[in-house]
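# Architecture and fold: a report
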Amino acid sequence: MDRIKLKQKAKDSLQGKYGEAILVVLISGLITGVGSGISEFGIQFENPFIALFGELLSFVASGLITFGSLSFYLKLARGEEVEFSELFKKTNLFIPYILISLLTGIFTILWSFLFIIPGIIAAISYSQAMLIALENPEIDAMEAIKKSKELMNGHKMDYFVLNLSFIGWIILGIFTCGILYFWLIPYISVTQMHFYDALLEEKNK
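What counts and what doesn't
Residues numbered from 1 in each chain as written. Predicted model: local features only at pLDDT ≥ 70, side-chain atom pairs only at ≥ 80, totals over all residues. Heavy atoms only, no water. Axes fitted to C-alpha atoms, helices over the stretch in contact; angles between N-to-C directions. Helix = DSSP H or I, 4+ residues; strand = E, 2+ residues; numbered from the N terminus. Parallel < 35°, antiparallel > 145°, perpendicular 65-115°, else oblique. Left-handed = near helix turned anticlockwise from the far one by under 90°. Nonpolar A, V, L, I, M, F, W, Y, C, P; charged D, E, K, R; others polar. Phe/Tyr/Trp six-rings, centres within 6.5 Å; stacked < 30°, edge-to-face > 60°. Buried < 20%, exposed > 50% of the residue type's maximum accessible area, 1.4 Å probe, protein only. Lys NZ or Arg CZ within 6 Å of the ring centre and 35° of its normal.

## Remarks on the packing of helix α2 (residues 18-44) against helix α3 (residues 48-77)
- It is at 6 Å that the axes of α2 and α3 come closest, and there the two elements cross at 165°. Judged by the inter-axis angle, α2 sits roughly antiparallel to α3. Both α2 and α3 take part in a crossing whose hand is left-handed.
- Considered class by class, the residues forming the contact of α2 with α3 number 16 nonpolar, 10 polar and 2 charged.

Here is the structure:
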């Protein structure tokens with residue numbers, strides 16, 4: 001898997017589309033940030049009920065927009081016409097989001113009991129489950145996880161190195177007070193979509 005080519009494809013896909021992509025990042029951050037802010041408020045004032053409410057609100061908000069966000073970036077990677085409103089078009093997949101999040105979280109924790117490395121490998125194996133569920137809404141969460149493991153077979157190190165290659169940009173973003181992330185998040189996300197399509201292409205050969 002050539003990560004340099006994947007990154008170049010992402011740059012090409014984002015040409016002329018960064019406005020919509022940045023808007024998706026901004027709106028997503030605002031929606032999920034409300035819950036996080038409430039949670040931080042609860043922690044600061046030592047109120048566990050407010051903190052818990054904030055965490056639940058953030059989780060629900062993420063569930064409502066995650067698949068919309070994935071759909072936006074996937075269509076962008078495939079050269080399809082897409083607008084930022086795509087963010088709100090997949091709210092019907094809220095239940096799959098909850099199930100996949102819970103199951104992959106539980107499985108990753110269980111593998112982590114063996115040691116940190118098996119936990120990381122497990123998390124990488126499950127990394128494509130959301131995308132598979134997005135494109136195959138008729139399958140259940142366990143099947144999406146199973147298909148993700150199959151897709152990632154032989155490519156876990158590729159995925160790890162691809163994500164690691166962004167670490168310099170991520171660190172640099174800290175020194176820009178997060179402003180750089182408005183550019184970086186779409187770049188990383190679309191690169192991951194091209195990685196997913198490369199996995200599908202290889203599987204279908």
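## Things to note about the packing of aromatic side chains
- By the definition in use, this model includes 7 aromatic pairs.
- Taking the centre distance of 5.5 Å and the plane angle of 45° together, the rings of phenylalanine 59 and tyrosine 97 count as tilted. One end of the pair, phenylalanine 59, is in helix α3; the other, tyrosine 97, is in helix α4 (residues 94-112), and 38 residues separate them in sequence.
- A relative accessible area of 29% means that phenylalanine 59 is categorised as partly exposed.
- Look at phenylalanine 72 and tyrosine 73: their rings are 5.4 Å apart centre to centre, the planes differ by 80°, and that puts the pair in the edge-to-face class. Accessibility classification places phenylalanine 72 together with tyrosine 73 in one group, the buried group.
- Taking NZ or CZ as reference, lysine 7 lies 4.5 Å from the ring centre of phenylalanine 166, over its face.

By themselves, these observations are geometric and do not establish any function.
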